[in-house]
Amino acid sequence: SEDVYRNAFVNGIERGVAQGIFDKRMAEFDLVRLSQALVIERDHLFDYMGLRTLYERYFAKTQTTRIELPQVFWMRVAMGLCYNEPNKNERAIEFYNLMSSMRYLPGTPTLLHSGLLRPQLSSCFLTTVGDDLHVIFKSLSDNAQLSKFSGGVANDWTPLRATGSMINTIRMESQGVIPFLKIANDVTAAISRSGSRRGATVVYLETWHFDIEDFLDLRRNTGDERRRAHDMNTANWVPDLFMKRVIEDADWTLFSPDETPDLHDLYGKAFEERYAYYEEQARLGNIRLYKVMPALQLWRKMLSRLFETGHPWITFKDACNVRSPQDHVGVVHSSNLCTEITLNTSADEIAVCNLGSVNLSQHVLNGALDDEKLAHTVTTAIRMLDNVIDINFYPVAEAKNSNWRHRPVGLGLMGLQDFFYKIDVNFDDARALDVASDVMEKISYHAIMASSQLAQERGTYSTYKGSKWDRGILPQDTIDMLEHERGMPIEVAREGKLDWTPVREQVKRYGMRNSNTMAIAPTATISNIAGTFPCIEPIYKNIYVKANMSGEFTVINTYLIEDLKALGLWDQDMLDELKYYDGNLQMIERIPQRLRNKYKEVFEIDPFFLVRMSALRGRFIDQSQSHNVFMRGTSGKILSDVYIAGWKAGMKTFYYLRTLGATQIEKATLDAKKFGFTQKREYKTLDGAAPAAAQVTPEIDNQSGRACNLLADPSCESCQ
């Protein structure tokens, strides 16, 4: 009965506090009043996989017993974010209503730890590793502590001197970066994040580093295993000058940071000038360790490894720094584990970001975006995220220093595909570009306004003075700044549709509470909880098997089922055909063309179109987006063109490359007499031709396509 459910909430909180599971401050709430605010029928908003995920990984428990039910869980999270609110019971109910209705979900660490004794609520941590043995092993220890409490970790290793450089204290040559990355890999593998997720780390290296070629090989399955790191992600931190050299087919020079130390902190025109100076010094014989090679050769190797192993990811140093609101107090040296965070790091500061996502599927009214509901959701979400910063348990001091000084948060979105289904817009339709841009502009508008309103109430963050916000520069204004710094046109539209005057006046008068406000994370796990498609991605497959730490689940597109039912087409034969064709509707002739267009899978959508959509959305984001590249076939030229198109459009980061294999798995549940004993898939490249030999390197030529399930990859759950 409802009374039993509500009593379970009160008893669970009291028991958790008594047993040292929950913070003592949880007992200071009016538990009876909060129990009456539970909307128990919202349990029906979950699908099976969402409930199973909560049960297996999120519900608070003693050593043997779970002490939460779904609505109890949501209220516990809400309470844990309200300790410092003057009217904490009212705020707890407000936060609860937002989450339990699936309008907004915080990142996984917040859901796991809110209200607990050690509330580590932050999702991402970014560090810079200094070129000193003590600092290196301090950084590895920090990685372990951050992972232990469920943080995703990113390390910038660029400052380390390269292989063959001199260690002056012992007069010996260095072994370079790679041996230390092997240790970092093993630290990652040894730590289980809060007992619920595998440890996850990404390492970044700038493209001019002398060890970059060995770095590209870290995830390969061949070669010396002592120089491999299979449990850790890798990412390239690419300056604009390198991309220019690739396009020009010019030479590129690799250096060791001990001889070119200032390159690490420079970007834009200043980097280009200093880099050219060091190249001249190398030609004059004044630099000991360097290597000159065609930039295109290195680019091809980068793409070859990306195709072969999924790593290293491609991220762009200059776009992240030139457009950063915090350019006055530091440098962005890397992105994070999922490539959506762009915050400064230094020896004294470990960057921290606190994440949450708006669920667009819950913001539809009469076939369109519910603007009023979205505004309320975003405003409340920013408040919740700001509260995280003060309540948070910080495993290392450098993280606390950074987060309290700058107070960055990352509000993102999920369920974009659900939203398109509900408003009847096809993902690859030209209208989708306008809709995606408009939605992001509105989220940005309300997020910045909400942060400024919090500044009016609570004060600005301590390093606000001199920031882009203080200088009257909003995210959409920074596209022209990047274009000027790059000296090349940025191929993306500038204009929006809203009148930003009220936001600009609010910020000018009251400042900002948070140095950064937006970032679109992958949302793999919280999308499962909410029963939506992840972040900004089109549907991966109309039917597939999802595997994560909670088990294996057969997932089928419920929107498709409802449309097929409405046409009288949903039957056992249709299910069997969907299984046989792996969910690809284009092969099932009795499905109307309108539905085939509506339910295209991601590999049927032009990756250039998705890049264009992200670039339009990125105008309004002060951090970045987890943008995966999905590509059919093995064309190296197309692969290269996709990444160059993103760079030209001003994109800051890319995440995984997903390629489609040329084979299917056998379906043992299908009738072999009906479908045959052998299955074949005929697929084409983006230009409609049969797959040709790749044009990047012979290493790609030998690939037949790599099947990679986005939703089954545990590292995709790292941020949310």
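Residues numbered from 1 in each chain as written. Predicted model: local features only at pLDDT ≥ 70, side-chain atom pairs only at ≥ 80, totals over all residues. Heavy atoms only, no water.

What about the pattern of salt bridges?
Stated formally: We define a salt bridge as a contact between a side-chain nitrogen of Lys or Arg and a carboxyl oxygen of Asp or Glu at a distance within 4 Å. Per the convention used, a helix needs a DSSP run of H or I reaching at least four residues, while a strand needs a run of E reaching at least two, with both numbered from the N terminus.
One pass over the full model with this rule turns up 48 salt bridges. Among the salt bridges present, the one from aspartate 327 reaches lysine 468, with a minimum N-O distance of 2.8 Å. Taken as a pair, aspartate 327 in the loop between α13 (317-322) and β13 (351-359) and lysine 468 in the loop between α17 (430-458) and α18 (478-486) lie far apart in primary sequence, 141 residues in all. Across the salt bridge formed by arginine 407 and aspartate 390, the nearest N and O atoms sit 2.9 Å from each other. Of this pair, arginine 407 sits in the loop between α15 (397-406) and β16 (409-414) while aspartate 390 sits in helix α14 (residues 371-391), and the two are 17 residues apart along the sequence. Sharing partners across several salt bridges, the network here consists of Glu85, Arg91, Glu94, Arg383, Asp386, Asp390, Arg407, Glu457, Arg458 and Arg513.

Some points on helix α7 (residues 133-148)
Operational definition: Expected helix span is computed as 1.5 Å times (number of residues minus one). Relative accessibility thresholds used throughout: buried, under 20% of the residue-type maximum; exposed, over 50%; partly exposed, between the two (1.4 Å probe, protein chains only). Any pair of nitrogen or oxygen atoms within 3.5 Å is treated as a polar contact; in protein, a donor-acceptor pairing is required on top of that, and neighbouring residues in sequence qualify only through side-chain atoms on both sides.
Here α7 is 16 residues long and its end C-alpha atoms lie 23 Å apart, about the 22 Å a rise of 1.5 Å per residue gives. Within α7, the full set of buried residues consists of Ile136, Ser139, Leu140, Asp142, Asn143, Ala144, Leu146 and Ser147. The opening residue of α7, the one whose side-chain oxygen lies 2.9 Å from the backbone nitrogen of histidine 134, is aspartate 132. Positioned one or two residues after α7, serine 150 has a phi angle of 80 degrees, which is positive.

So, a nonpolar patch on the surface
The condition is simple: Like-charged residues within 9 Å of one another, or nonpolar side chains (Val, Leu, Ile, Met, Phe, Trp, Tyr) within 5 Å, are grouped into patches, provided each residue has over 30% relative accessible area and no salt bridge. Here, Shrake-Rupley sampling with a 1.4 Å probe gives the accessible areas, and only protein chains in the shown set may cover a residue.
Together, Leu133, Phe137 and Ile183 make up an exposed nonpolar region whose accessible area comes to about 270 Å². Mapped onto the secondary structure, phenylalanine 137 falls in helix α7. Note on phenylalanine 137: relative accessible area 41%, which makes it partly exposed.

Let's talk about the pairing of strand β19 (residues 629-632)
Test applied: Two strands are said to pair when DSSP picks up at least two bridges between them. Handedness rule for crossovers: strands pointing away from the viewer, path from the first strand over the helix to the second running clockwise, crossover right-handed.
Neither face of β19 is exposed, since Val629 and Met631 on one face and Phe630 and Arg632 on the opposite face are all buried. Alignment of β19 against strand β20 (residues 657-660), held across four bridges, turns out to be parallel. Considered in β20, the bridge of valine 629 is made with leucine 657. For the handedness criterion, the β-α-β arrangement of β19, helix α25 (residues 636-648) and β20 is classed as right-handed.

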